[in-house]
Amino acid sequence: MNQHSAFPKERALHLSVAGHSETGWMRDHNADAFALFDLSDPRQAEQLGRLYLLADGAGSHDAGKIASRIAIETIPTVYYSHNDGDAPLRRLQQPFFAAHNRIHEFATFHPEYAEMATTCTAVVVRGSRIWIAHIGDSRAYLVRTSFQSQSTITRLTTDHSMVASQVRAGELSPEQMRRSPDRDIFLRALGKSEENNPFPDFTIHEVRSGDALILCSDGLWSALTEEQIAEIVSTSSSQQACEELVRLANEAGGDENISVIIFSFSQI
């Protein structure tokens, strides 16, 4: 899927967006979901930005699939409908709470889905700024290319998982975390979090021409190195990079659902 948009305010950039998702060779259903929510009203887009989301559901049976889809349906609806000014970070908080409550409510009425939860990484793009709201262990990366040096890749999100906390405490290495069978134990996620904490992390970043923003589920980042990701994203179109990254993650094992969204920024 491809979309192309131009932003007239701030330092205007052209944006190309592509996304791709696959079940993975060793899975029988896809609990990942993403939404490229582009607005037909340019004035509303200019004021509130364009919203994009990636979610990775967890839980037995179809619980994860249902949770991720509740998130990507609820968050855009609430974001664009509730009256809370035009500051993206302020507007994103209520949609995450609404999605958390809807997932929790669904699980309450369907006991077989009691463990359902989902990660969610949401990005609002407006002009040359991006606002990120994030919960769980899906990730956002920024790849930046300059003429003087190779591409650099920077992770913009923090994983909210038990194994990530063990890495931060020095109890696991990053490589052990990537291969751990406990990687899906969340400390924070929509629907089910420690101490019922659905609060996402919020960050703001400035982007420039030549940058690429990547959203991905753990099926991608656990299978490929950051260097591999940066190399492919910096040398291919958005759509080609999405497909190549998913293909390589499948070849590396395919034991998780694999989803990726790539945003490419360029001069108008």
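Above this note sits the structure.
Here we summarise the structure given alongside this text. Here the structure is a predicted model, which is why all the values come from computation and not from measurement.

**Section: the pattern of salt bridges**
Alright, step 1. Going through the model one piece at a time under the given rule, you end up with 12 salt bridges.
Alright, step 2. Across the pair Arg 179 and Glu 175 runs a salt bridge, and its minimum N-O distance is 3.3 Å. Of this pair, Arg 179 and Glu 175 both sit in helix 5 (residues 174-179), separated by 4 residues, roughly a single helical turn.
Alright, step 3. Here Arg 183 makes a salt bridge to Glu 256, at a shortest N to O gap of 3.2 Å. Taken together, the positions of Arg 183 in the loop between helix 5 and strand 10 (201-206) and Glu 256 in the loop between helix 8 (238-251) and strand 12 (258-266) put the pair 73 residues apart, joining distant regions of the chain. In this pair, the class of Arg 183 matches that of Glu 256, namely buried.
Alright, step 4. The network of salt bridges with shared partners includes Arg 139, Arg 155 and Asp 159.

**A closer look at the packing of helix 2 (residues 63-81) against helix 3 (residues 88-109)**
Helices that pack against each other are described as a pair by the angle of their axes relative to one another and the distance between those axes.
Alright, step 1. Relative to each other, helix 2 and helix 3 sit at 140°, their axes nearing to 8 Å. Considering only the axes of helix 2 and helix 3, their crossing is right-handed. Only Pro 88, Arg 91, Leu 92, Gln 94, Pro 95, Phe 96, Ala 98, Ala 99, Arg 102, Ile 103 and Phe 106 of helix 3 make contact with helix 2, whose side of the interface consists of Ile 66, Ala 67, Ile 70, Ala 71, Thr 74, Ile 75, Val 78, Tyr 79, Tyr 80 and Ser 81.
Alright, step 2. By residue class, the composition of the contact of helix 2 with helix 3 is 16 nonpolar, 3 polar and 2 charged.

**A word on the packing of aromatic side chains**
Alright, step 1. Scanning the entire structure with this criterion turns up 4 aromatic pairs.
Alright, step 2. Where Tyr 79 meets Tyr 80, the ring centres are 4.9 Å apart and the plane angle is 90°; that geometry is what we call edge-to-face. You'll find Tyr 79 and Tyr 80 in the same group, each marked buried.
Alright, step 3. Measuring from ring centre to ring centre gives 5.9 Å for Phe 106 and Tyr 113, while their planes differ by 15°; the resulting arrangement is stacked.
Alright, step 4. Here Phe 106 falls in the partly exposed class, since its relative accessible area comes to 24%.
Alright, step 5. Taking relative accessible area as the criterion, Tyr 113 reaches 13% and is therefore assigned buried.

**Focus: the nonpolar core**
Alright, step 1. If you look at the biggest cluster of nonpolar residues, it comprises 28 residues, and the most contacted ones within it are Leu 51, Leu 53, Ile 75, Phe 96 and Leu 190.
Alright, step 2. Counting residues per element, the ones that place at least two in this core are strand 3 (32-37), strand 4 (50-58), helix 2, helix 3, strand 6 (120-126) and strand 7 (129-135).
Alright, step 3. With 8 residues, the top contributor of residues to this core is helix 2.
Alright, step 4. Among residues more than four places away in sequence, those in contact with Ile 75 are Leu 51, Leu 53, Pro 95, Phe 96, Ala 99, Cys 120 and Leu 190.

**Looking at the packing of helix 7 (residues 226-235) against helix 8**
Alright, step 1. Viewed as axis vectors pointing N to C, helix 7 and helix 8 meet at an angle of 150°, and their least axial separation amounts to 9 Å. Between helix 7 and helix 8, the angle is such that the two are roughly antiparallel. Crossing of helix 7 against helix 8: the hand is right-handed. Across from Ile 229, Ile 232 and Val 233 in helix 7, the residues of helix 8 making contact are Ala 241, Glu 244, Leu 245 and Leu 248.

**Focus on the environment of Gly 59**
Alright, step 1. Here Gly 59 lies in the loop between strand 4 and helix 2.
Alright, step 2. Exposure remark for Gly 59: the relative accessible area of 36% places this residue in the partly exposed category.
Alright, step 3. Each C-alpha atom, one on Gly 59 and one on Glu 115, is 5.4 Å from the other, the two residues being 56 residues apart in sequence.

What counts, and where the lines are drawn
Residues numbered from 1 in each chain as written. Predicted model: local features only at pLDDT ≥ 70, side-chain atom pairs only at ≥ 80, totals over all residues. Heavy atoms only, no water. Salt bridge = Lys/Arg side-chain N within 4 Å of Asp/Glu carboxyl O. Helix = DSSP H or I, 4+ residues; strand = E, 2+ residues; numbered from the N terminus. Buried < 20%, exposed > 50% of the residue type's maximum accessible area, 1.4 Å probe, protein only. Axes fitted to C-alpha atoms, helices over the stretch in contact; angles between N-to-C directions. Left-handed = near helix turned anticlockwise from the far one by under 90°. Contact = heavy atoms within 4.5 Å. Nonpolar A, V, L, I, M, F, W, Y, C, P; charged D, E, K, R; others polar. Phe/Tyr/Trp six-rings, centres within 6.5 Å; stacked < 30°, edge-to-face > 60°. Core = buried A, V, L, I, M, F, W, Y, C linked by side-chain atoms within 4.5 Å. Parallel < 35°, antiparallel > 145°, perpendicular 65-115°, else oblique.

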